[in-house]
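What the coordinates show
Residue-level listing of the chains:
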Amino acid sequence: MVIIPEISISSCQKNMPVIGMGTASSHNEADDETTKAAMVDAIKAGYRHFDTALIYGSEQLLGQAIAEALHTGIIKSRDELFITSKLWCSFADKHLVLTAIKTTLRNLQLDYLDLYLIHWPLKLLSQEIRQIPFPKEYISPIDINSVWEAMEETQVLGLTKAIGVSNFSSKRLDEILSFAKIPPAINQVEMNPLWQQKELRQFCKSNNIVVTAHSPLGSKGTKQVENRILDCDLLKEIAKNKGKTTAQVSLRWVYEQGVSLITKSFNKDRMKENLDIFDWSLSSEELSKIDKLPQRKGLFLNTFMEPHDVVLEIDAEI
């Protein structure tokens, strides 16, 4: 079993494994038993960080997988795991945050989270809307001051060990930092060799915010972006020279930027391959070449929310 390096995060006594297992959209890709089994397999392979969210529909299955891993002795204690979940936009209101995290904890069968993130910097005005794209009449700006105050309360109450954000720009992080009593520990954003987020990473580094890369091999639901990464001639050439896969080169590059990352595969072999990035490195020449790759983001909020000023602003910022 691979031992995954850990990274310290602010305002939290517990370190975070630098690689997490993502669970986004898993409910749509496989039946419940297959999904749960994949999560158990991931624990067996060495994954200790699991990334979920209320909107993913995977919290209950992850909770079942954790319970099974404990019951069968794969892990001895829940404390061996680092569990991240996210506040969905329809709960992005000060008086709803505690309700949301308590629902998440019930789904996961846990007493606390290790990390709780604001999923997107916007608010949805109804919890009943399920259609995609989300109608623009239900989209609203977020009152980040009051919502962050409620996020801080979740940490003070011990419902989570740390708090942070997802898909936030430097501008929006700067706003939180201007009033936060507990600053964001994490900003989880799309990042890979073809969308390197250099300016945002520098801002986060300067403010002691750890960047977590989601979509390190491409964006969920945008297969052409994943193909663009895995078919990148430069990455394929580096992989061939090193006897690695193109995916491993991409993940290693992300890791060498000093950030953490979320990977996702329900295939046992690929799960293990995604962890095999720690006993080798990229050369300065290889890093220099990757640094010059053309940049284009893959994940756009307006693919699952109707065009709205708030949505377009977020897409333009990150």
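As annotated in an unreviewed UniProt entry, the chain carries the name NADP-dependent oxidoreductase domain-containing protein and comes from Acer negundo. One UniProt comment on the chain, placed under Pathway (unreviewed entry), says "Secondary metabolite biosynthesis; terpenoid biosynthesis."

1. Considering the UniProt feature "site: Lowers pKa of active site Tyr" (unreviewed entry) in the chain
In the numbering used here, UniProt assigns the feature "site: Lowers pKa of active site Tyr" (unreviewed entry) to Lys86. Mapping Lys86 onto the fold places it in strand β5 (residues 82-87). Excluding residues within four positions of it along the chain, Lys86 makes contact with Asp51, Thr52, Ala53, Leu54, Tyr56, Tyr116, Leu117, His119 and Gln188. Among the polar contacts made by the side chain of Lys86, one reaches the side chain of Asp51 at a distance of 2.6 Å.

2. Considerations on the side chain of Thr263
Position of Thr263 relative to the elements: it lies in strand β12 (residues 260-263). Residue classification places Thr263 among the buried residues on the basis of a relative accessible area of 4%. In contact with Thr263, not counting residues within four places along its chain, are Ile19, Gly20, Met21, Gly22, Tyr47, Pro216, Leu251 and Asn274.

3. Some details on helix α10 (residues 246-256)
Counting buried residues in α10 gives nine out of 11 residues, a clear majority hidden from the surface. After α10 finishes, the residue Gly258 shows a positive phi value of roughly 80°.

4. A word on unusual backbone geometry
For Ser11, which is not glycine, the phi dihedral falls at a positive 60°. On the secondary structure map, Ser11 appears in the loop between β1 (6-7) and β2 (16-17). One non-glycine residue, Asn167, lies in positive phi territory at about 65°. Topologically, Asn167 is positioned in the loop between β9 (163-166) and α6 (170-177).

5. Thoughts on the sheet that holds strand β11 (residues 210-214)
Taking strand neighbours around the barrel as the criterion, the eight strands line up as β3-β4-β5-β6-β9-β10-β11-β12 in a closed arrangement whose pairing is parallel. Between one strand axis and the next, the sheet turns by 25° as a mean value, whatever way the strands run. Summarising the sheet, β9 and strand β10 (residues 186-190) pair through two bridges and their orientation is parallel. If you follow Val165 over to β10, its bridge partner there is Asn187.

6. As for the pattern of salt bridges
Within the structure shown, the criterion is met by 16 salt bridges. In this structure, Lys36 engages Glu68 in a salt bridge whose closest nitrogen and oxygen atoms are separated by 3.3 Å. Here the residue Lys36 occupies a position in helix α2 (residues 32-45), and Glu68 occupies one in helix α3 (residues 59-72), the gap between them amounting to 32 residues. Note that Asp276 is salt-bridged to Lys244, the shortest N-O span being 3.6 Å. Of this pair, Asp276 sits in the loop between α11 (268-275) and α12 (284-291) while Lys244 sits in the loop between α9 (233-242) and α10, placing them 32 residues apart in sequence. Given a relative accessible area of 29%, Asp276 falls into the partly exposed group. Given the relative accessible area of 22%, Lys244 is considered partly exposed. The network of salt bridges with shared partners includes Lys171, Arg172, Glu313 and Glu317.

7. Section: the environment of Ala316
Position of Ala316 among the secondary structure elements: in helix α13 (residues 309-317). Judged by its relative accessible area of 68%, Ala316 is exposed. It is 14 Å that separates the C-alpha atoms of Ala316 and Glu199, two residues lying 117 residues apart in sequence.

8. Quick notes on the packing of aromatic side chains
Across all of its chains, the model carries three aromatic pairs by this definition. Ring plane angle 45° and centroid distance 5.8 Å describe the contact between Trp88 and Phe134, whose orientation is recorded as tilted. Of this pair, Trp88 sits in the loop between β5 and α4 (97-108) while Phe134 is found in the loop between β7 (123-124) and β8 (139-140), placing the two residues 46 residues apart along the sequence. The exposure class assigned to Trp88 is buried, which follows from its relative accessible area of 7%.

9. Regarding the pairing of β12
Neither face of β12 is open: one carries Ser260 and Ile262, the other Leu261 and Thr263, and all of them are buried. As defined by bridge partners, strand β3 (residues 19-22) adjoins β12 across three bridges and the pair is classed as parallel. Bridge pairing in β12 places Ile19 opposite Leu261. In this sheet, β12 lies alongside β11 in parallel orientation, the contact comprising two bridges. Residue pairing in the sheet places Ala213 in a bridge with Leu261 of β12.

Scoring rules and cut-offs
- Residues numbered from 1 in each chain as written.
- Predicted model: local features only at pLDDT ≥ 70, side-chain atom pairs only at ≥ 80, totals over all residues.
- Heavy atoms only, no water.
- UniProt positions renumbered as here; feature names shortened; annotations may be inferred.
- Helix = DSSP H or I, 4+ residues; strand = E, 2+ residues; numbered from the N terminus.
- Contact = heavy atoms within 4.5 Å.
- Polar contact = N/O pair within 3.5 Å; in protein donor to acceptor, adjacent residues only side chain to side chain.
- Buried < 20%, exposed > 50% of the residue type's maximum accessible area, 1.4 Å probe, protein only.
- Pairing = 2+ DSSP bridges.
- Axes fitted to C-alpha atoms, helices over the stretch in contact; angles between N-to-C directions.
- Salt bridge = Lys/Arg side-chain N within 4 Å of Asp/Glu carboxyl O.
- Phe/Tyr/Trp six-rings, centres within 6.5 Å; stacked < 30°, edge-to-face > 60°.

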